[in-house]
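Spelled out, the chains give:
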Amino acid sequence: WGIENAFYTTEGNYSSSSSPDLSKYIEFSVGPESTFFIQPSNFKFNARSQANNPKFQIRYSKSENFADAQVLLGETVVTNSYVSYSLNFPADLKVLYGEKLYIRIYVYQANDNFHIQHNQSGSIAPSISGMVSSFIPTKPVAVSDKAETLINTPINIDILGNDDYAPSGVLNKITTTKPTNGTV
């Protein structure tokens, strides 16, 4: 392999089952810093098996518990020679500030290691590419709210529910008018 070559391995983090064990995976994640969003376009990596041609799948989600996971790469057999994979995310995928994109590789039908290639300098490594853009928060264009209730019966009013949102700056103030009866 040479001194410069190294690899990640699933050692013990794979399944010998004929289908993925969703509790065993290799995970990558990415998220934007404040005032930015990410529009990921591509996930690239080089992988190989040590022996026996195991299978793998790749799924992604913006939910840490993977409840809404989507398939990025369906069932694929990996050989004992490095293969380059370049996988495209849907064009409408956006990761907003406070969110993360999780990418999981599930290796199964394996009884030996799965390798993801990288080197010490980082010129060979898994990568997620895409566009990072400045995020302009949205503020509502307020529409008056009105609600009625029976005497001494409190209610909750969604005061932003009927407002129109447009990218125009930060919401920093809500103005209320004291009602004739009751409190705000």
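Whatever comes next refers back to the structure up there.
Residues numbered from 1 in each chain as written. Predicted model: local features only at pLDDT ≥ 70, side-chain atom pairs only at ≥ 80, totals over all residues. Heavy atoms only, no water.

Q: How do you make sense of the environment of I157 when you look at a structure like this?
A: In this structure, I157 sits in the loop between β10 (138–141) and β11 (164–167). I157 sits in the partly exposed class, given a relative accessible area of 47%. The sequence separation of I157 and K146 amounts to 11 residues, and the corresponding C-alpha distance is 8.5 Å. (Helix = DSSP H or I, 4+ residues; strand = E, 2+ residues; numbered from the N terminus. Buried < 20%, exposed > 50% of the residue type's maximum accessible area, 1.4 Å probe, protein only.)

Q: Mind showing me how you'd approach the pattern of salt bridges here?
A: Should the charged atoms of two oppositely charged side chains come close, the side chains can pair. Per the counting criterion, the structure on display carries 3 salt bridges. Residue E27 pairs with R104 through a salt bridge whose shortest N-O separation is 2.6 Å. Here R104 lies in strand β7 (residues 101–108) and E27 lies in strand β2 (residues 26–30), a separation of 77 residues in the sequence. According to the relative accessible area criterion, E27 is partly exposed, its value standing at 34%. Put simply, K62 and E99 hold a salt bridge, and the shortest N to O gap is 3.3 Å. A residue pair is termed long-range when its members are at least 10 positions apart, and K62 in the loop between β4 (55–61) and β5 (70–77) and E99 in the loop between β6 (83–88) and β7 qualify at 37 residues. A relative accessible area of 35% means that K62 is categorised as partly exposed. Relative accessible area serves as the criterion here: at 28%, E99 is assigned to the partly exposed category. (Salt bridge = Lys/Arg side-chain N within 4 Å of Asp/Glu carboxyl O.)

Q: Just to check I follow, could you spell out the side chain of T76 for this structure?
A: Tracing the sequence through the fold places T76 in strand β5. Polar side-chain contacts of T76 include one of 2.8 Å to the backbone oxygen of G74. Contact partners of T76, with chain neighbours within four places excluded, come to P54, K55, F56 and Y85. (Polar contact = N/O pair within 3.5 Å; in protein donor to acceptor, adjacent residues only side chain to side chain. Contact = heavy atoms within 4.5 Å.)

Q: Would you explain the packing of aromatic side chains in this entry?
A: The description of two aromatic rings rests on the distance between their centres and on the angle between their planes. Throughout the structure, instances matching the rule amount to 8 aromatic pairs. Here F43 and F45 contribute two aromatic rings whose centre-to-centre distance is 5.1 Å and whose plane-to-plane angle is 35°, an arrangement assigned as tilted. For F45, a relative accessible area of 2% gives the class buried. Taking the centre distance of 5.1 Å and the plane angle of 20° together, the rings of F45 and Y85 count as stacked. Taken as a pair, F45 in strand β3 (residues 36–49) and Y85 in strand β6 lie far apart in primary sequence, 40 residues in all. Across the pair, exposure class does not vary: F45 and Y85 are buried alike. An aromatic cluster is defined as three or more aromatic residues linked by ring pairs; in this entry it consists of F28, F43, F45, F56, Y85 and F114. Its end group placed over the ring of Y82, R48 keeps NZ or CZ at 5.6 Å from the ring centre. Taking the ring centre of Y25 as reference, the NZ or CZ of R104 above it sits at 4.0 Å. (Phe/Tyr/Trp six-rings, centres within 6.5 Å; stacked < 30°, edge-to-face > 60°. Lys NZ or Arg CZ within 6 Å of the ring centre and 35° of its normal.)

Q: In this structure, what is going on with the sheet that holds β2? I would like to understand it.
A: The strands making up a sheet associate through hydrogen bonds between their backbones, and the pairing can be parallel or antiparallel. The strand order across the open sheet built from 4 strands is β2-β7-β4-β5, with neighbouring strands paired in antiparallel fashion. The sheet is open, and its two edges are formed by β2 and β5, each paired on a single side. The sheet shows a mean angle of 10° between the axes of neighbouring strands, taken without regard to direction. Bridge analysis of β4 against β5 gives 5 bridges, and the strand direction is antiparallel. Opposite F56, over in β5, you have T76 as the bridge partner. (Pairing = 2+ DSSP bridges. Axes fitted to C-alpha atoms, helices over the stretch in contact; angles between N-to-C directions.)

Q: What is the right way to look at the side chain of S61 in this model?
A: Along the polypeptide, S61 turns up in strand β4. Among the polar contacts listed, one links the side chain of S61 to the side chain of D68, at a separation of 2.4 Å. Among all residues touching S61, those that are not within four sequence positions of it are F66, D68, A69, K100, L101 and Y102.

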